[in-house]
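# Structural description and commentary
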Amino acid sequence: MDRPGDRAAAWPLAAIVALGILLRIVAALVLRQPLASDPLSYFTMARGLAEHGTLVDNFGQHAFYSAGYPLVLAPFFAVLGSGVAVALAVNMILAGLSIWLVHQLAITLSGNHLSGLLAAAVFALWFPAVWNATMIAKENLSTPLLLAVALGAVNIVRGHGPHHAVLAGVAWGAALVTGGSALLLCAGVGVALIVLWRDGGRFSVSFKAGLCFMGGALVVLAPWLVATDAMVGRPVLTTNAPFNLYLGNNPAATGRFVSIADTPLGHDWEGTRMRLGEVANADRLETAAVGWIAANPGRAGALALKKLALFWEPNIPDAADFAASRAVAALRLFEVAQFIVIMVAGGLAFALPSIVRHDKWVIGATIAGFWLIHATAYVITRYRDPVVPLLIVTGSIMVAGWWRKGVRDGG
């Protein structure tokens, strides 16, 4: 088995990281993404925290937009100034970290550097990751955190020591503060703990790892819950989850994003939001969503299944996209081709012996946890971006295994 620290792989990996970052810098300079919508909110939160010590978005809300990404940006804004260029520079750092984590996960699962380098190269060139790096988007942070949770779970199932469980817990806690869709990422860790106990006969080790995982998560979650209690009057991860739940479960829901203005609660949205306040308005949305699901279980169930299918739908450009920009639409077609290859190769790897059984269960549970949570709200294409690197890893391991076997047989 190759050792992850072999110097022979250091320079190729450094070159891949440099190429990935350079590609993202060029894309940012060419696209010059506007500062609007969600990016504006994250930017406003980070700037307010850096300059005034207050975490508030452009709508006056403290915990509606997930705070993880602005919390990472804020120290850089405090030192280097609150600018879009600084935020994009942070994105480049996060992109480099993601490429490294993809490499490490592939090596840990496969035991060879070829798999790691191939996975890192594919991720470096994966178009959605390049696109996200050109925007102030939380997926830039969600991706490395998801990879860190997955890597921690794989190390847990190998019994590699409690510090891996602690780091996985810290990553999961940070992922939860970065986005509520990380809630079920702990499924991979849960499977790892069960396998460690049942297959390895090591209950005490499994129990200790579980405690370390939860402890690591609490290190991150406890301060944030205390902060939200002070800001909005209740310990919450975010007040956005009920909003998303309602948009995905109301008479106007389609499975995709719909504007709050197009829903039954939209006619007095701004006035009611201001009157009730952040938490009470979130409670109103949650009550309406749960009530609609209870009254329409068949339609809600069909919508949930539709969302799960939409999650994996290729992002195919339509005539309007080509009319707006033929160049961007052409790149979108390239993205579709990439995605289909990644899906086929990554999925096929689970049916072949390229990856050992317990690792398949751990990675499969991580993917499933991130996927299934999206049945509760609505689906936008970029919501799946953080989990696709896991399929890049599994597909790369399979392809690298074929390559190595071909070289041996040919030699």
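Residues numbered from 1 in each chain as written. Predicted model: local features only at pLDDT ≥ 70, side-chain atom pairs only at ≥ 80, totals over all residues. Heavy atoms only, no water.

### What about a nonpolar patch on the surface?
Applicable threshold: Every patch collects residues that have over 30% relative accessible area and no salt bridge, joining them within 9 Å if they carry like charges and within 5 Å if they are nonpolar side chains (Val, Leu, Ile, Met, Phe, Trp, Tyr). In short, Shrake-Rupley with a 1.4 Å probe defines the accessible areas, and a residue's cover is counted only from the protein chains shown. By salt bridge we mean one thing: a side-chain nitrogen of Lys or Arg within 4 Å of a carboxyl oxygen of Asp or Glu. Helix and strand definitions follow DSSP, with helices as H or I runs of at least four residues and strands as E runs of at least two, each counted in order from the N terminus. Buried residues are those whose accessible area, probed at 1.4 Å on protein chains only, stays under 20% of the maximum for their type, while exposed residues exceed 50% and partly exposed ones sit between those limits.
Together, Leu22, Val26, Val30 and Leu31 line one region of the surface with nonpolar side chains, adding up to about 350 Å² of accessible area. Within the element layout of this structure, Val26 appears in helix H1 (residues 10–31). Note on Val26: relative accessible area 43%, which makes it partly exposed.

### Focus: unusual backbone geometry
You will see that Arg32, though not glycine, has its phi angle at about 45 degrees, which is positive. Residue Ser37 is not a glycine yet carries a positive backbone phi of 55 degrees. Following the sequence through the fold, Ser37 ends up in helix H2 (residues 37–52). On the accessibility criterion, Ser37 (55% relative accessible area) is exposed.

### Considering the packing of helix H7 (residues 139–157) against helix H9 (residues 186–198)
We count it as follows: Inter-axis angles, ranging from 0 to 180 degrees, are taken between N-to-C directions of lines fitted to C-alpha atoms, where helices are fitted over the stretch in contact. The labels follow the angle: roughly parallel below 35 degrees, roughly antiparallel above 145, roughly perpendicular from 65 to 115, and oblique for the rest. Throughout, a residue-residue contact means that at least one pair of heavy atoms, one from each residue, lies within 4.5 Å. For this scheme, ten residues count as nonpolar: Ala, Val, Leu, Ile, Met, Phe, Trp, Tyr, Cys and Pro. Four count as charged, namely Asp, Glu, Lys and Arg, and the remainder, Gly too, count as polar.
The N-to-C vectors of H7 and H9 enclose an angle of 5 degrees; their axes lie 8 Å apart at closest approach. Here H9 runs roughly parallel to H7, going by the angle between their axes. In this structure, H7 contributes Val149, Ala153, Ile156 and Val157 to the contact, and H9 contributes Gly188, Val189, Ala192, Leu193, Val195 and Leu196. Residue classes in the contact of H7 with H9 are distributed as nine nonpolar, one polar and no charged.

### Looking at the pattern of salt bridges
If you walk through the whole model with that rule in mind, you get six salt bridges. Arg382 is the salt-bridge partner of Asp38, the closest N and O atoms lying 3.3 Å from each other. On the criterion of sequence distance, the pair formed by Asp38 in helix H2 and Arg382 in the loop between helix H17 (357–372) and helix H18 (388–410) is long-range, its members being 344 residues apart. Under the relative-accessibility criterion, Asp38 is labelled partly exposed at 22%. Relative accessible area serves as the criterion here: at 24%, Arg382 is assigned to the partly exposed category. Ionic pairing is found between Asp283 and Arg234, a salt bridge with its closest N-O pair at 2.8 Å. Placement of Asp283 in helix H13 (residues 278–295) and of Arg234 in the loop between helix H10 (203–232) and helix H11 (240–248) is noted, with a sequence separation of 49 residues between them. A residue is classified by how much of its surface remains accessible, and Asp283, at 27% relative accessible area, is partly exposed. Through salt bridges with shared partners, a single ionic network connects Asp38, Glu139 and Arg382.

### Let's talk about H13
Condition: Take the residue count of a helix, subtract one, and multiply by 1.5 Å to get its expected span. By definition, the arc is the one covered by directions from the helix axis to the C-beta atoms.
For H13, which comprises 18 residues, the first-to-last C-alpha distance of 26 Å matches the rise-based estimate of 26 Å (1.5 Å per residue) to within 8%. Considered for burial, the residues of H13 that qualify are Glu278, Val279, Asn281, Ala282, Leu285, Ala289 and Trp292. Within H13, the buried residues cover an arc of 160 degrees as seen down the axis, which keeps them to one side. Facing away from the buried surface of H13 by more than 90 degrees, the exposed residues are Thr287, Ala294 and Ala295.

### Let's talk about the nonpolar core
Test applied: Among buried residues, those of type Ala, Val, Leu, Ile, Met, Phe, Trp, Tyr and Cys that are joined through side-chain atoms within 4.5 Å constitute a nonpolar core.
With 98 residues, the main nonpolar core has Leu105, Ile156 and Leu390 as its most contacted residues. With eleven residues, the single largest contributor to this core is H7. Apart from the residues within four sequence positions on either side, Ile156 is in contact with Ala165, Ala168, Val189, Ala192, Leu193, Leu196 and Ala209.

### So, the packing of aromatic side chains
How we decide: Each aromatic pair joins two rings of Phe, Tyr and Trp (for Trp, the six-membered one) with centres within 6.5 Å, and gets the label stacked for planes under 30 degrees apart, edge-to-face for over 60, and tilted for any other angle.
By the definition in use, this model includes 16 aromatic pairs. Their ring planes at 45 degrees and their centres at 6.1 Å tell us that Phe127 and Trp131 sit as a pair that is tilted. Taken together, the residues Phe127 and Trp131, both in helix H6 (residues 127–133) and four residues apart, mark about one turn of the helix. Given the relative accessible area of 12%, Phe127 is considered buried. Residues Phe257 and Tyr378 carry aromatic rings whose centres are separated by 5.4 Å and whose planes lie at 65 degrees to one another, so their mutual orientation is edge-to-face. Here Phe257, found in the loop between H11 and helix H12 (269–276), pairs with Tyr378, found in the loop between H17 and H18; they are 121 residues apart in sequence, far enough to count as distant. For Phe257, a relative accessible area of 45% puts it in the partly exposed group. Residue classification places Tyr378 among the buried residues on the basis of a relative accessible area of 6%.

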